[in-house]
Each structure stands twice: as structure tokens, then as C-alpha cells.
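Survey of secondary and tertiary structure
Here are the chains, one letter per residue:
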Amino acid sequence: MTTTLRPERPEEPVPGGGRSRRWQICVNGRPVGGLRTTALPQGTQWWGEISELEVAEGRRRGRGTVGVLAAEEVLRAWDCTRVDVRIPAEASAALRLAAALGYTERMRNMAKHLGQAPDLPAGLTVRPIGEADFGQWFAQARAGYLHALGTSGLTGQQARDKSDTDHRHLLPQGPATPDVALRRLYGPEGTPLGSLWVALRQSVLPDGSPQAWVMTVEVDRDRRGQGYGRALMLLAERECLAAGVRDLGLNVFSGNTVATGLYESLGYRVTHRVLGKSLL
């Protein structure tokens, strides 16, 4: 039997200049499942995504494996240098398939439904990050993101391209970007402790309600291990609730066990795992 991909729909444009297409997985010309390939520009490179994978007939016969491998060839033809897959945390079979095909976990999506606004620890104050201090904050935030991307398995060029693309997309007007909370936390004597960046309406949940995302939470190096990361996360929840948003998500790189433990202790749960591999 021969397993192939066949276009199910015409190719679709993606905002930002990308491209996407839905495919049927066929065995001897008969549809048994489907998937979607997407290519997104990341600076000087293209990155691929494989999503919507389903095998409706003949599971455990290697059809999903062949479908993913064929999708990787499509993405190579679209000049993609790497590919990511985003898998629900409970989809154990899909996680096993990705691992068997050489994908490694880069990061996890975590989320929490917010209740009452939490109180900040006594003695702490909060100020917006404005034009005067945005440049210094941005340089530090970019450096931290580049380091995290590098430790997640990206090459130096891939990390730089992704960092530049993400920041350009998410902060087009700097500190004046709508629906963004940029905050700095200070101690009792006005000592800077850390900073926070929250995109207040970054995505939409299936029920149509908005979801905010913590983009960065950074404790100043000489203040780490003193509970200020927890204080910044409580501040993130307060900012969301003040904006009328009751769901907060975040990405945590898989090697950052300290941050993962903090988020779990605050009630965040893993919703998806993001795995990737090079296509070079």
C-alpha cells in the first residue's frame, strides 16, 4: 500500500506573509486522515508548522508517521529550515510519535483561570515602563530571550531571527503598544527588583473569551531567590483582572525547571507541549 499526501484545499495566505495548506493523507488514493502545513517567515528564514494531524481510519499502521514525514518534505520545498509541532499535553500517542520522529521538546504552554485579584507582598511598588526606560528594558529582555531560545535548541541565527520577528510583531509601538502591560517592580526603598511584560489580549479561547499571555517575567540578577518572581506573577494576574481578562497563559522553556515549579505552585497547568526539529 502507498501512503501519500493530496491537497484537500487551495493554499491559503497567512498574516505576515506566510503560507498554509490542508492535505489529505491517502492510502492507495483513498483518504484516511489529514494534516496542515504552515510556513512562517522568521527574519531571513522560514519556519514550518505541522498541525491538525488526524488519522480517521487504520490507526497504528504507520499512516500518521508517513503523513508527518511527507509534510516535512512539503515544508522543505517551501524553504523551511525547521519545523515545530504543538501537541495537547494529554495526547500521549502524538507525543510518542513526535519523539520517535526526532522531535524534542522546546517549551510548554501553561494556563490558569483567574479568580480574585491577589495582594502583592507588603512594601512593594509598581511603576509603568515608559519611553525613558524602555530602551534599557528592551535590551535586557531581548538578551534574555535570545539566551532562552538558544538553550531550547535553536541556532544562533534562528534565535536572532525569531527574537527580532516576535518583538517587532508584539511591540510595534514600544511602550505605547495597545493592550500591553509593561511594569517594573520596586522594593521598599525604591530598589528595582524586576520587570514584567503581559500581552493582555494575545489570543482567544474556544468560548470566545480573551486570553492574556505573560511574555517576560524577569527578576534582577542580584535579587533572585527571594520570592520576587512570585510577586511579579501575582502582579501579572492583577493586571489581567484589571483589564477584564480572566485567563492567563505563558510559555516556559523546557529546561527552566525553577520557573516551571513556580508556575505549578501558583496553579498553572500544562496545556500543550511544543516540540521541534531541524529540517536542514
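Above this text you will find the structure in question.
Moving on to the layout of surface pockets. By volume, the second largest pocket amounts to about 300 Å³. R86, L205, Q211, T271 and H272 are, among the 19 residues lining the second largest pocket, the residues nearest its centre. At the level of elements, β7 (104-113), β10 (192-204), β11 (210-219), β12 (247-253) and β13 (269-278) are the ones that each hand at least two residues to the lining of the second largest pocket. Looking at the lining of the second largest pocket residue by residue, the class counts come to nine nonpolar, five polar and five charged.

So, about the packing of aromatic side chains. Following the criterion strictly, the structure yields four aromatic pairs and no others. Relative to W137, the ring of F134 lies with its centre 5.6 Å away and its plane at 40°, an arrangement referred to as tilted. Residue F134 and its partner W137 are both found in helix α3 (residues 131-151); the two are separated by three residues, about one turn of the helix. The ring centre of W23 lies 5.5 Å from the NZ or CZ of R21, which sits over that ring. Sitting over the face of the ring of W47, R82 holds its NZ or CZ atom 5.3 Å from the ring centroid.

Turning our eyes to something else, we now look at the pairing of strand β9 (residues 180-186). Summarising burial for β9: seven of the seven residues are buried, a large majority. In β9, alternate side chains face the same way, and those of V180, L182, R184 and Y186 on one face and A181, R183 and L185 on the other are all buried. Bridge count between strand β8 (residues 125-128) and β9: four bridges; the pairing is antiparallel. The partner of P128 across the bridge, within β9, is R183. Judged from the seven bridges that link them, β9 and β10 form a sheet pairing that is antiparallel. Counterpart to A181 in the pairing with β10 is V198. Hairpin remark: β9 followed by β10, antiparallel, with five residues in the connecting loop; positive phi at G190, about 80°.

A separate point is unusual backbone geometry. In this model, N28 sits at a positive phi of 50°, which is unusual for a non-glycine residue. Its location among the elements puts N28 in the loop between β3 (18-27) and β4 (30-42). The exposure class assigned to N28 is exposed, which follows from its relative accessible area of 54%. Its identity as a non-glycine residue notwithstanding, D79 has a phi of 70°, on the positive side. Along the chain, D79 turns up in the loop between α1 (63-77) and β6 (80-88). With a relative accessible area of 55%, D79 lands in the exposed category.

Going through the model one piece at a time under the given rule, you end up with 20 salt bridges. When the shortest N-O distance is used, the salt bridge between R36 and E12 registers 3.5 Å. With R36 in strand β4 and E12 in strand β2 (residues 12-14), this pair connects stretches of sequence that are 24 residues apart. Among the charged side chains, a network of salt bridges with common partners joins E8, R9, E12, R22, R36, E52 and E54.

Rules and cut-offs
Residues numbered from 1 in each chain as written. Predicted model: local features only at pLDDT ≥ 70, side-chain atom pairs only at ≥ 80, totals over all residues. Heavy atoms only, no water. 1 Å grid on protein atoms, 1.4 Å probe; cavity = no way out; pocket = protein on both sides within 12 Å on 5 of 7 lines; lining within 4 Å. Points joined across faces, edges and corners; volume = space filled by probe spheres on them. Helix = DSSP H or I, 4+ residues; strand = E, 2+ residues; numbered from the N terminus. Nonpolar A, V, L, I, M, F, W, Y, C, P; charged D, E, K, R; others polar. Phe/Tyr/Trp six-rings, centres within 6.5 Å; stacked < 30°, edge-to-face > 60°. Lys NZ or Arg CZ within 6 Å of the ring centre and 35° of its normal. Buried < 20%, exposed > 50% of the residue type's maximum accessible area, 1.4 Å probe, protein only. Pairing = 2+ DSSP bridges. Salt bridge = Lys/Arg side-chain N within 4 Å of Asp/Glu carboxyl O.

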